[in-house]
Amino acid sequence: MSDLSKRILTNETRNRVGETVKISGWVHKIRYLSKITFLLLRDRKGIIQCILENEWLHFKVENESIVEIIGDVVESKKQKLGVEIHAKNIRIINKSQGDIPFEINQSEIKAGMDHVLNYRTLSLRHEKSQAVFNIQSVISHLFGEFFTSHGFTRIFTPKIVSQGAEGGANVFTLDYFGKNAYLAQSPQFYKQMMVSSGFERVFEIGQVFRAEEHHSSRHLNEYVSLDVEIGFVEDVHEIMNWETELLKYMFTNVNLQCKDELEKLGVKLPLITEIPKITLKEAQNILWNKYQKSSPEGDLNGEGEKLIGEYMKEKYNSEFVFITNYPNATRPMYTLPSKNSDLTESFDLLYKGMEITSGGLRIHEFEMLINSFSNKGLNPDDFTSYIETFKYGVPPHGGFAIGLERLTANLIGVANVREATAFPRDIQRLIP
Ligand code: AMO
């Protein structure tokens, strides 16, 4: 007999055959036959079948109510868990009012994206959603673990800032005691400043904000940025190598730590070996010569990224590709220009045909930085606290950032980043 004052989880019943245990969770489904009633109980670890007989045969409860069941653990080869519970006592802890907007107990939620997001706390209960966000949690943990193990310092930088760090007008403005302030588009300036402050190697996991008026499956107005910045790096390939090693580590460990979740989602993750690199020019030539698609000046568009993704998969069997050597004109003001050309020491990383990362080397010389701001039409005086940092000895450095939702969405194979965002913020959505 186990300690009935303590609740155990569904997956812990496996080793308790013959014992009486207490479990509690959501009523996933209840099915009445003439002599037996089956109640499926769901908790954070899974679903277990409970058998209700005799005085419990006609027990009435709405799906999604919270119940506590005390019962015997009985071996049952037909069940995935290998056991089921023969109920001796059931208590309703909190009733669901019924009328749920969609069923949680089907293999998929049968509702449109808007409806799913309107009732997010309910749709998140679905076991596939649970799997998605458990995987996302592991991804963010592995990101921190990888860099911590390499001597990086985790930093926390402000999200209320005086200037946008990425250029452009995509900033949310807010009133800061009578002055204009902005929500951070990225921790770019601050991660560089922390490198310059002597930490040398830093990472940050934090929310960032983009006031972009997109209606797209890959843009959010608030997302989680996995940021890295590394001092004493003079070759952009070193930065790409760091990202490659990170992704190898992440994929290996997601495979090990998220077996159940990947199985529920029907996802098989490849092991990453090397990631091919092509220049932007080469990518644009492939698009033109193979697909007769032109690209925007100095960039790829969504369709181009998708086709390059397919091309790399076909040709190199790689889901990833680094696109390098972007021109100065299309990269932000902090990007290090290449010597003797109008290109930069920068890259994007595409995963399954979607950009998940930008990165590169940064300008670390004071004069060059001032000129770069001016050449981009920005007034250096508006960025003094960032620019002044570079007066006092900053090592050559570089880094990158990964959009957590895009990485998760592609890893689990869904087309819309909203499926990998618990409470998405987009141009139409501020609730829930
Ligand atoms: P960038 O602006 O390219 O670079 O952003 C880096 C990565 O963040 C993700 N991302 C987004 N995800 C969801 N919705 C959006 N609206 C959105 N915008 C960007 C993408 C993208 O690749 N400071 C640089 C990074 C660096 O150089 O270190 C930056 O923010 O996955």
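Cut-offs and rules
- Residues numbered from 1 in each chain as written.
- Predicted model: local features only at pLDDT ≥ 70, side-chain atom pairs only at ≥ 80, totals over all residues.
- Heavy atoms only, no water.
- Buried < 20%, exposed > 50% of the residue type's maximum accessible area, 1.4 Å probe, protein only.
- Helix = DSSP H or I, 4+ residues; strand = E, 2+ residues; numbered from the N terminus.
- Pairing = 2+ DSSP bridges.
- Axes fitted to C-alpha atoms, helices over the stretch in contact; angles between N-to-C directions.
- Domains from an automatic or database assignment.
- Contact = heavy atoms within 4.5 Å.
- Near = heavy atom within 4 Å.
- Polar contact = N/O pair within 3.5 Å; in protein donor to acceptor, adjacent residues only side chain to side chain.
- Nonpolar A, V, L, I, M, F, W, Y, C, P; charged D, E, K, R; others polar.
- Parallel < 35°, antiparallel > 145°, perpendicular 65-115°, else oblique.
- Left-handed = near helix turned anticlockwise from the far one by under 90°.
- Expected span 1.5 Å × (residues − 1).

Undergrad: Help me understand the pairing of strand E16 (residues 397–403) in this model?
TA: For a regular strand, side-chain orientation follows a simple rule: the groups alternate between the two sheet faces. Judged by how many residues are buried, E16 sits mostly within the fold: seven of seven residues are covered. What you see with E16 is no split at all: His397, Gly399, Ala401 and Gly403 on one side and Gly398, Phe400 and Ile402 on the other are buried throughout. Sheet topology note: the strand E11 (residues 222–231)/E16 ladder contains seven bridges and is antiparallel. Opposite Ser225, over in E16, you have Gly403 as the bridge partner. Pairing between strand E15 (residues 354–361) and E16: five bridges, direction antiparallel. Bridging across to E16, Ser358 finds its partner in Ala401.

Undergrad: Which parts of the structure should I look at to understand the sheet that holds strand E4 (residues 66–75)?
TA: What holds strands together in a sheet is hydrogen bonding between their backbones, with the strands either parallel or antiparallel. If you walk around this closed barrel you meet the five strands as E1-E2-E3-E5-E4, and the pairing is mixed. When strand polarity is set aside, the average angle formed by the axes of neighbouring strands in this sheet is 55°. The pairing of E4 with strand E5 (residues 83–94) spans ten bridges and is antiparallel. Residue pairing across strands places Glu75 opposite Val83, the latter belonging to E5.

Undergrad: Looking at this model, I keep getting lost on the domain arrangement of the chain. Mind explaining?
TA: A common way to report how large an interface is uses the accessible area buried once the components associate. The assigned domain composition of the chain is domain 1 (10–94) and domain 2 (121–420). For domain 1 and domain 2, the distance between their C-alpha centres works out to 46 Å.

Undergrad: When you look at the environment of Thr173 in this model, what are you seeing that I'm missing?
TA: One can find Thr173 in strand E8 (residues 173–176). The contacts of Thr173, once residues within four sequence positions are left out, are Asn180, Ala181 and Tyr182.

Undergrad: I would appreciate a short explanation of the site of the ligand in the present structure.
TA: Near the ligand you find 22 residues, and of these Glu166, Gln188, Glu355, Ser358 and Arg362 are the closest. Here an oxygen atom of the ligand sits 2.4 Å away from a polar atom, N or O, in the side chain of Glu355. Gly403 places a main-chain nitrogen or oxygen 3.2 Å from an oxygen atom of the ligand. Looking at the shell around the ligand, the elements that each hand over two or more residues are helix H4 (188–199), E15 and E16. The element that contributes the greatest number of residues to the shell around the ligand is E15, accounting for five residues. Its residues assigned to classes, the shell around the ligand comprises six nonpolar, eight polar and eight charged.

Undergrad: Looking at this structure, I do not really get the packing of helix H3 (residues 127–149) against helix H5 (residues 236–257). What am I missing?
TA: A packed helix pair is summarised by two numbers, namely the angle formed by the two axes and the spacing between the axes. Interhelical geometry of H3 versus H5 gives an angle of 135° and a closest axis separation of 9 Å. When the interaxial angle is binned, H3 and H5 end up oblique. The two elements H3 and H5 meet at a crossing, and its hand is right-handed. Contact with H3, carried on its side by Ile135, Val138, Ile139, Leu142, Phe143, Glu145, Phe146 and Phe147, involves Trp242, Glu245, Leu246, Tyr249, Met250, Asn253, Val254 and Gln257 of H5 and no other residues of that element. The class makeup of the residues in the contact of H3 with H5 is twelve nonpolar, two polar and two charged.

Undergrad: How should I be thinking about helix H8 (residues 302–316) in this particular structure?
TA: Three or four residues apart is the spacing at which side chains of an α-helix point the same way, because the helix has 3.6 residues per turn. With 15 residues, H8 should reach 21 Å at 1.5 Å per residue; the first-to-last C-alpha distance of 21 Å fits that figure. The complete set of buried residues in H8 reads Gly304, Glu305, Leu307, Ile308, Gly309, Tyr311 and Met312. After H8 finishes, the residue Asn317 shows a positive phi value of roughly 50°.

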